[in-house]
Every structure is written in structure tokens, then in C-alpha cells.
Amino acid sequence: MKPAMETAAEENTEQSQERKGCFECCIKCLGGVPYASLVATILCFSGVALFCGCGHVALAGTVAILEQHFSTNTSDHALLSEVIQLMQYVIYGIASFFFLYGIILLAEGFYTTSAVKELHGEFKTTACGRCISGMFVFLTYVLGVAWLGVFGFSAVPVFMFYNIWSTCEVIKSPQTNGTAGVEQICVDVRQYGIIPWNAFPGRICGSALENICNTNEFYMSYHLFIVACAGAGATVIALLIYMMATTYNYAVLKFKSREDCCTKF
């Protein structure tokens, strides 16, 4: 029979080893987390959600403003309505695609990070694995360039609504001289090319323009377009992070596939 003191000491040693083993396991698991890909995924999901959600509602509000104030004839803005409806369907597709693509890139980041840190013993890369990783690099670069264009395009309605809003602020300013001066301040949306030049009335002036700026449709659409533009910018940043992460992972995988590789990362 062992003394009680020795038994208690052995139990304490076993418990400390178990705690140490659990701690080392947690540290090893945390070391395999692709933090760059994780941050990029959160940022990408947030940016795409803001762009798609706010953009969808803002486009619907823009159509309502045009129909009620700038183009009373349905045939004048029929093409624009079809284009906006098509863009809304495209938004659904963009949201679905990036949700799936973000999950795939995050999974690829977990795999390559674990492989690079050799958390699962001996690591062997294959030509197929390197080809898939290289494909993600290429596709992410293409999407990054495409989203730069989307970001620039999303700034166009913000610029248009800002011009209308700033014109309304000029009408409200005390420096405006009399009713005649107010009625000479106008906004013609036909110059933006969103409705044809024969659209009626196409041009709104004075107090009527000020009333448009005070409507809920204008206020909501303006701010939603701003948020959508910010969401597009966040998606661009996320794709830039994805570019760096996938490029680094691909380079390391290719380097570790060499037979003479002896460097530990």
C-alpha cells in the first residue's frame, strides 16, 4: 500500500499533465486557424450583405422616385425598369455566389494553414492540390478586379443623389433671392442618361424639387446607396486580403512540394 501522500502527489502530477496536454492541444489548434482568411471572410460576408441588401432596396426606391416625379409616362422608363429588375436578380446571384465562395476559401485556408504548420504529421502535397490552390489565386484576382469596377459603379448613384441633395440645400439657404430665384434652380436627371431626353417632365425646379428631397424615398435611397457603396468597398478590401492569403498559401505549398525542401515554416 502506498502512503496517502504519495498517492495524492501522483494524482496531482497526472492532473497537471492532463491540463498541460489540453493546453498544448488548444495552442496547436489555434495555430492552425487561418486568421487572415477568417477576417477576410467576415469582411466579405458583411460587405456583400450590405451591398446586396441596401442596393436592392435603393434601386426599388429610385424607380419609385423616377415614376412619381421625373418620368410620368411609363414607356419612357420601361427599359430602365427592366434593367433595374435584372440588376436585382443579379444581386441575388452575387450574394449566393460569394456566400459559397467565402466558405470555400475559408476551408482552403484551414487546410493549407494546417498543412504548412504540419499539425497532422507528415505533409505531402499533390499536383492536383497545388492546381486547385492556384485556381483559387487566379479566380480571387479576377474577382478583385471585377469588384473594383463594381465599387466604382456603385459610386455613380451616390454622386447623382448627392447632386440632387446639394441642389435642395441651395434652395433652402437664406441667400436664395426670392421665389423667382428659387424656381430657376433645377435638376434634370436626363443628363445622367438614366431616362431618355424625351421623358416628361425630366426636369424639376424650385419648391417641387425641395419636396422631392423631403420624401422618405429620396432620403432612404440616398443613404442606402451610400451604405451599398461602403459595402462594395469592404468587399474589395476582403478580396485583397484573400489575394494575399491565397498567394502565400500557394507559394508555400509549391515550395514544400520540392524534394530538396528542408525549411520549417
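The Subcellular location (unreviewed entry) comment attached to the protein chain in UniProt states, word for word, "Membrane". Checking UniProt for the protein chain, the heading Sequence similarities (unreviewed entry) contains the comment "Belongs to the myelin proteolipid protein family."

## Notes on the environment of Phe 136
Here Phe 136 lies in helix H4 (residues 127–172). Under the relative-accessibility criterion, Phe 136 is labelled buried at 10%. The contacts of Phe 136, once residues within four sequence positions are left out, are Tyr 101, Ile 104, Leu 105 and Glu 108.

## Considerations on helix H6 (residues 206–213)
By the burial criterion, the buried members of H6 are Gly 206, Leu 209, Ile 212 and Cys 213. Along the axis of H6, the buried residues cluster in a sector spanning 115°; they form a single face.

## Comments concerning the UniProt feature "transmembrane region" (unreviewed entry) in the protein chain
The UniProt record marks residues 38–66, 86–111, 132–156 and 224–248 with the feature "transmembrane region" (unreviewed entry), using the residue numbering of this structure. End-to-end, the C-alpha atoms of residues 86–111 are 38 Å apart, and along that stretch the chain is 100% helix and 0% strand. For the annotated span residues 132–156, helix accounts for 100% and strand for 0% of the residues, and the straight-line distance between the end C-alpha atoms is 37 Å.

## A few points about the nonpolar core
A general trend in soluble globular proteins is that nonpolar side chains are found buried together. Counting 48 residues, the largest nonpolar core has Phe 70 and Trp 147 as its most contacted members. Elements that contribute at least two residues to this core include exactly helix H2 (35–70), helix H3 (78–116), H4, H6 and helix H7 (216–256). The greatest single-element share of this core, amounting to twelve residues, is contributed by H2. Among all residues touching Trp 147, those that are not within four sequence positions of it are Val 48, Phe 51, Ile 94, Phe 98, Ala 232, Thr 235, Val 236 and Leu 239.

## Here's the deal with the pattern of salt bridges
Enumeration according to the criterion identifies two salt bridges in this entry. Two residues, Lys 172 and Glu 169, come together in a salt bridge whose shortest N-O distance is 3.9 Å. With Lys 172 and Glu 169 both in helix H4 and three residues apart, this pair spans about one turn of that helix. Judged by its relative accessible area of 41%, Lys 172 is partly exposed.

## Describing the side chain of Thr 235
Looking at the element boundaries, Thr 235 is found in helix H7. Setting aside chain neighbours within four positions, we find Thr 235 in contact with Cys 44, Gly 47, Val 48, Phe 98 and Trp 147.

## Quick notes on the layout of surface pockets
If you roll a probe as big as a water molecule over the atoms, it shows you where there is empty space left. By volume, the largest pocket is sized at about 560 Å³. Lining the largest pocket are 22 residues, with Leu 59, Met 87, Phe 153, Pro 157 and Phe 225 positioned closest to its centre. Breaking the lining of the largest pocket down by element, the ones donating at least two residues are H2, H3, H4 and H7. Ranked by residue count, the leading element in the lining of the largest pocket is H3, at seven residues.

## Concerning the packing of aromatic side chains
Following the criterion strictly, the structure yields 13 aromatic pairs and no others. Between Phe 98 and Trp 147, the ring centres sit 5.4 Å apart and the planes meet at 85°, which makes this aromatic pair edge-to-face. Residue Phe 98 is located in helix H3, and its partner Trp 147 is located in helix H4; the two are separated by 49 residues in the primary sequence. Relative to Phe 136, the ring of Tyr 101 has its centre 6.4 Å away and its plane inclined at 65°; by these criteria the two rings are edge-to-face. Of the two residues, Tyr 101 sits in helix H3 while Phe 136 sits in helix H4, which places them 35 residues apart along the sequence. In terms of burial, Tyr 101 and Phe 136 fall into one category: buried. Ring pairing ties together the aromatic residues Phe 51, Phe 97, Phe 98, Tyr 101, Phe 136 and Trp 147, which thus form one cluster.

## Observations regarding empty space enclosed by the protein
Scanning the model with the defined rule gives one cavity of 30 Å³ or more in all. If you add up the space inside the largest cavity, you get close to 80 Å³. Taken together, Thr 62, Ile 65, Leu 66, Phe 70, Met 160, Phe 161, Ile 164, Val 189, Ile 194, Ile 212 and Phe 218 make up the lining of the largest cavity. Classifying every residue of the lining of the largest cavity by side-chain character gives ten nonpolar, one polar and no charged.

## Overview of the state of the cysteines
Evaluation of the coordinates by the stated rule reveals two disulfides. Put simply, Cys 186 and Cys 205 are joined by a disulfide, and their sulfur atoms are 1.8 Å apart. One quick way to see it: the torsion about the S-S bond of Cys 186 and Cys 205 is about 105°, and its sign makes the bridge right-handed. Within this pair, whereas Cys 186 is found in strand E1 (residues 186–188), its partner Cys 205 is found in strand E2 (residues 203–205), the two being separated by 19 residues in sequence. Overall, the relative accessible area of 21% leaves Cys 186 in the partly exposed class.

Analysis parameters
The residue numbering used here restarts from 1 in each chain and proceeds along that chain's sequence as written. At least 70 in pLDDT is required for a residue's local features to be given in this predicted model, at least 80 for side-chain atom pairs to be given and counted, and no such filter applies to totals for whole chains, interfaces and linings, which use all residues. Working from all heavy atoms in the structure, the side-chain values ignore hydrogens and water. UniProt positions are given in the numbering used here, feature names are shortened, and annotations may be inferred rather than shown by experiment. Secondary structure is summarised from DSSP: a helix means a run of H or I of at least four residues, a strand means a run of E of at least two, and numbering begins at the N terminus for each. Only protein chains enter the calculation, and the probe is 1.4 Å; a residue is then buried if its accessible area is under 20% of its type maximum, exposed if over 50%, and partly exposed in between. Contacts were defined at the residue level, with two residues in contact if any of their heavy atoms lie within 4.5 Å. Read the arc as the range of directions from the helix axis to the C-beta atoms. In these notes, a set of buried Ala, Val, Leu, Ile, Met, Phe, Trp, Tyr and Cys residues joined through side-chain atoms within 4.5 Å is what counts as a nonpolar core. The rule for a salt bridge is simple: a side-chain nitrogen of Lys or Arg has to be within 4 Å of a carboxyl oxygen of Asp or Glu. Definitions used throughout: a 1 Å grid over protein atoms alone; a cavity as a set of points that fits a 1.4 Å probe which cannot get out; a pocket as an open set with protein on both sides within 12 Å along at least five of seven lines; a lining residue as one with an atom within 4 Å of a point. Grid points are joined across faces, edges and corners, and a volume is the space filled by probe spheres set on the points. Aromatic pairing here means that ring centres of Phe, Tyr or Trp (its six-membered ring) are within 6.5 Å. Orientation follows from the plane angle: under 30 degrees is stacked, over 60 is edge-to-face, and everything else is tilted. In this classification, the charged set is Asp, Glu, Lys and Arg, the nonpolar set is Ala, Val, Leu, Ile, Met, Phe, Trp, Tyr, Cys and Pro, and all remaining amino acids, among them Gly, are polar. Note on terminology: disulfide denotes any pair of cysteine sulfur atoms within 2.5 Å.

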